[in-house]
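Listed below, chain by chain, are the residues.
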Amino acid sequence: MSLIVVGSMAFDDIETPFGKSNKIVGGAATYIAWCATNFSPVKQVSVVGGDFPQEELDALAQRGVSLEGVQIKKDEKSFFWSGRYHLDMNTRETLVTELNVLGNFQPVIPESYQDCEFLMLGNLAPSVQLSVIEQLKKRPKLIAMDTMNFWMDIAMEDLEKLLAKVDVLLVNDGEARQLSGQYSLVKAAAAISKMGPKYLIIKKGEHGALLFHGSQVFFAPALPLEEVFDPTGAGDTFAGGFIGHLARTKDISFENMKTAIIVGSVMASFCVEKFGTDRLREIKKRDIDERIREFVSLVNFDISLV
Ligand code: AMP
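The model shown is predicted, which means the values in this text are computed figures rather than measured ones.

(A) Inspection of the overall build of the chain at higher detail. Within the chain, the secondary structure is distributed over eleven helices and 13 strands. Relative to the compact-globule value of 19 Å for 306 residues, the chain shows a C-alpha radius of gyration of 18 Å, a close match. Here the C-alpha coordinates of the chain stretch approximately 70 × 40 × 35 Å along the principal axes. Going through the 306 residues of the chain one by one, you find that 54% of them count as buried. Residue pairs at least 24 apart in sequence account for 65% of intrachain contacts in the chain once pairs closer than 6 positions are excluded.

What follows is the structure in structure tokens.
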């Protein structure tokens, strides 16, 4: 049961129609770790500046996150990202991206991480994601990755090299269309599988997520929520639930990936209920179990064909 998580640990400043977060702890790998530790211990790979709160690192360590692979650059600043959501809460604009320590991040995989069976590459420059795979002496049982349109625009060559080496790609619908040049998501999935990943997860925000594998397709809706407070990190939290469930069960069959998609959707539904990682820090196993039951009753129906 070993899971490596790679990605940003950051400060975010988020503005939604409901208010402003001011500077809070965020970053893709932070969300993934807070979520995935509900299911499996995590070996974190990231970089932070001297300004990153020690209490946050302590809280993650307490939670079962190994921080040996997190570099602390004492004299530098942590990655900073600021975004504003539009009224529909589905679209956002990036206001500020200050790479700081992320600008020249060269991950170093500690020896104690070498036995890992599951690898989750959070959204980062594809060359950085690739360098993690290249440092692992034994290929993990499953490699999953996230990316974004930004890297398709500026680092497509690196992205193609990376895609050839991974098993699962998680992207949103717009990114799947850009990557494949296909509008139909079914055609997009077929084109992307030719680039490498045999499993493709396409996230559609409040409209759920699709899992493609060869000719097989599975769809999970998003839980209808009364209020979405802050969607930041929902995609990362989804990824944390997905890979966390697989790492816990060690079963990488298509059937089990369907369950992992449900777990990912459930975890993302918690994430959006409060600013930043606040809600993820509060929830307990019974909250997760209860929401999984709600999910089952949402999608379960009997139908008799005559
Ligand atoms: P999501 O809402 O799932 O797309 O993820 C939001 C998180 O991604 C925020 O906490 C940001 O700190 C982080 N983030 C935003 N842009 C980048 C980037 N270019 N590289 C790495 N992490 C980023």
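Having seen it, we continue.
(B) Main features of the pairing of strand β4 (residues 42–49). Among the eight residues in β4, eight count as buried, and that is most of the element. Across the two faces of β4 the burial is the same, with V42, Q44, S46 and V48 and K43, V45, V47 and G49 all buried. As paired elements, strand β1 (residues 3–6) and β4 share four bridges and run parallel to each other. Looking at the pairing, I4 lines up with K43 of β4. Bridge analysis of β4 against strand β5 (residues 65–73) gives seven bridges, and the strand direction is parallel. Considered in β5, the bridge of G49 is made with K73. Note on the crossover from β4 through helix α2 (residues 54–62) to β5: the handedness is right-handed.

(C) Seen up close, unusual backbone geometry. With phi around 45°, N100 is a residue other than glycine that occupies positive phi space. Take N100: it is sitting in the loop between β7 (92–98) and β8 (118–121).

(D) Main features of the site of the ligand. Neighbouring residues of the ligand: 14 residues in total, closest S8, D12, G27, G233 and D236. In the environment of the ligand, a nitrogen atom lies 2.8 Å from a nitrogen or oxygen atom belonging to the side chain of S8. Backbone polar atom of G27 to an oxygen atom of the ligand: 2.7 Å apart, as the coordinates give it. Taking 510 Å² as the accessible area of the ligand by itself, protein coverage stands at 87%. Going through the elements one at a time, β2 (10–16), β6 (79–85) and α8 (234–249) are the ones with two or more residues in the shell around the ligand. Residue composition of the shell around the ligand, by class: four nonpolar, seven polar and three charged.

(E) Expanded view of the packing of aromatic side chains. If you walk through the whole model with that rule in mind, you get four aromatic pairs. Here the aromatic rings of F18 and F229 are separated by 5.6 Å at their centres, their planes lie at 20°, and the arrangement is stacked. Taken together, the residues F18 in the loop between β2 and β3 (19–26) and F229 in the loop between β13 (216–220) and α8 connect sequence positions 211 residues apart. Overall, the relative accessible area of 23% leaves F229 in the partly exposed class. Aromatic side chains F150 and W151 sit 4.7 Å apart centroid to centroid with 70° between the ring planes, which places their arrangement in the edge-to-face category.

Calculation criteria
Residues numbered from 1 in each chain as written. Predicted model: local features only at pLDDT ≥ 70, side-chain atom pairs only at ≥ 80, totals over all residues. Heavy atoms only, no water. Helix = DSSP H or I, 4+ residues; strand = E, 2+ residues; numbered from the N terminus. Rg over C-alpha atoms; globule rule 2.2 N^0.38 Å. Buried < 20%, exposed > 50% of the residue type's maximum accessible area, 1.4 Å probe, protein only. Contact = heavy atoms within 4.5 Å. Pairing = 2+ DSSP bridges. Right-handed = clockwise from strand over helix to strand, strands pointing away. Near = heavy atom within 4 Å. Polar contact = N/O pair within 3.5 Å; in protein donor to acceptor, adjacent residues only side chain to side chain. Areas by Shrake-Rupley, 256 points an atom, 1.4 Å probe, with all protein chains shown as cover. Nonpolar A, V, L, I, M, F, W, Y, C, P; charged D, E, K, R; others polar. Phe/Tyr/Trp six-rings, centres within 6.5 Å; stacked < 30°, edge-to-face > 60°.

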